[in-house]
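Below are the chains, spelled out letter by letter.
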Amino acid sequence: MTSDLTPRQVSVLEYVVAFQQEHRMAPTVREICAHLGLSGPAGIHRILNFLKDKGYILAEPGKKRSWRFSKENTGKGIPLVGTIAAGVPLEAIENFEEELAISPITFGCDNCFGLHINGDSMIEAHILDGDLAIIRPQRQVENGEIAAVTVEGTLPEATLKIVHRDQHSMSLVPANSAYAPLVFKGPQRKRVAIVGKLVGVVRRC
């Protein structure tokens, strides 16, 4: 379980996993500091040792790049199943591609999945082209939450947007002022289906 981790500890764990997958080796403490915008390594050393004590990562004494994710501690990884648009709707490929070596429990669920982000309409929410969106399957989200959605008539297309609804309309709002919201009024609201809520973002570079 990762309920015992602070947001900073989760950020370090996610970066170790992402860096390891991208570069086939662990990041150095200096690289973790640079990624998190920290000037000193003391706090990172404490976090890494805490993660090791909890069994989330493993390390070999005396080796510079020995920190690695202990997948055995948290069970299965997160399936990556395709691409989702952060711009205009784009086909979400529902075929399994690979497995992200981090437990879904890290994001507070046991059945979430990952989608590749394609586009720049969510950049003001710090979701960039090429990121991995971690989605928890659910049919409803609160106003202002970010969700993966599909729109009837464009299936199997999907998009990642901020969801706003009232009695008369549903809006899929980008986090980029260069894009206009997608607004569905009256009966058109039924065309929109929530695939799941965004519960995390993984950056591989």
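Residues numbered from 1 in each chain as written. Predicted model: local features only at pLDDT ≥ 70, side-chain atom pairs only at ≥ 80, totals over all residues. Heavy atoms only, no water.

## With respect to the overall build of the protein chain
(1) Moving on: On a plain count of helices and strands, the protein chain comes out with 4 helices and 12 strands.
(2) Moving on: Buried residues in the protein chain amount to 46% of all 205 residues.
(3) Moving on: Summarising the internal contacts of the protein chain: among those between residues at least 6 apart in sequence, 58% fall at separations of at least 24.
(4) Moving on: Surface accessibility of the protein chain: about 10600 Å² in total, with carbon and sulfur atoms responsible for 52%. (Helix = DSSP H or I, 4+ residues; strand = E, 2+ residues; numbered from the N terminus. Buried < 20%, exposed > 50% of the residue type's maximum accessible area, 1.4 Å probe, protein only. Contact = heavy atoms within 4.5 Å. Areas by Shrake-Rupley, 256 points an atom, 1.4 Å probe, with all protein chains shown as cover.)

## Let's talk about the pairing of strand β8 (residues 146–151)
(1) Moving on: Where burial is concerned, most of β8 is hidden: 6 out of the 6 residues are buried.
(2) Moving on: Examined bridge by bridge, β8 and strand β12 (residues 192–202) share 5 bridges and lie antiparallel to one another. Looking at the pairing, V149 lines up with I194 of β12. (Pairing = 2+ DSSP bridges.)

## Regarding the nonpolar core
(1) Moving on: Among the nonpolar cores identified, the biggest contains 29 residues, and V12, I32, I44, L48, L51 and L100 are the most heavily contacted of them.
(2) Moving on: Elements that contribute at least two residues to this core include exactly α1 (7–23), α2 (29–36), α3 (42–54), β3 (78–85) and β7 (132–137).
(3) Moving on: Per-element accounting of this core gives the leading share, 8 residues, to α1.
(4) Moving on: Aside from chain neighbours lying at most four places away, what touches L51 is L5, Q9, V12, L13, Y56 and I57. (Core = buried A, V, L, I, M, F, W, Y, C linked by side-chain atoms within 4.5 Å.)

## So, the environment of P104
(1) Moving on: Mapped onto the fold, P104 is located in the loop between β5 (98–100) and β6 (113–118).
(2) Moving on: Here the alpha-carbon distance between P104 and I78, two residues 26 residues apart in the chain, equals 5.7 Å.

## Focus on α2
(1) Moving on: When we look at burial in α2, the residues that qualify are V29, I32, C33 and L36. Along the long axis of α2, the arc covered by the buried residues comes to 100°, so they all point the same way. The exposed set on the far side of α2, more than 90 degrees from its buried face, consists of R30 and A34.
(2) Moving on: Within two residues after α2, G37 carries a phi angle of roughly 75°, on the positive side. (Arc of directions from axis to C-beta.)

## Here we look at α3
(1) Moving on: Spanning 13 residues, α3 covers 19 Å between terminal C-alpha atoms, matching the ideal 18 Å at 1.5 Å per step.
(2) Moving on: Here α3 has its buried residues at I44, I47, L48 and L51. One side of α3 carries all its buried residues, which in axial view fall inside an arc of 100°. Residues of α3 that are exposed and point over 90 degrees away from its buried face: R46 and D53.
(3) Moving on: Phi turns positive one or two residues past the end of α3, at G55, with a value near 90°. (Expected span 1.5 Å × (residues − 1).)

## Overview of the packing of α2 against α3
(1) Moving on: Here α2 crosses α3 at 110°, and the two axes come no closer than 10 Å. Here α2 lies roughly perpendicular to α3, going by the angle between them. Contact residues: V29, I32, C33 and L36 in α2; I44, H45 and L48 in α3.
(2) Moving on: Looking at side-chain class alone, the contact of α2 with α3 contains 6 nonpolar, 1 polar and no charged residues. (Axes fitted to C-alpha atoms, helices over the stretch in contact; angles between N-to-C directions. Parallel < 35°, antiparallel > 145°, perpendicular 65-115°, else oblique. Nonpolar A, V, L, I, M, F, W, Y, C, P; charged D, E, K, R; others polar.)

## Section: the environment of R189
(1) Moving on: In this structure, R189 sits in the loop between β11 (182–185) and β12.
(2) Moving on: A relative accessible area of 29% means that R189 is categorised as partly exposed.
(3) Moving on: Along the chain, R189 and E152 lie 37 residues apart, while their C-alpha atoms are 9.8 Å from each other.
(4) Moving on: Within the structure, the side chain of R189 is placed 3.5 Å from the backbone oxygen of D166, a separation counted as a polar contact.
(5) Moving on: Side-chain polar atoms of R189 contact the backbone oxygen of Q167, separated by 2.8 Å. (Polar contact = N/O pair within 3.5 Å; in protein donor to acceptor, adjacent residues only side chain to side chain.)

Structural measurements only, silent on function.
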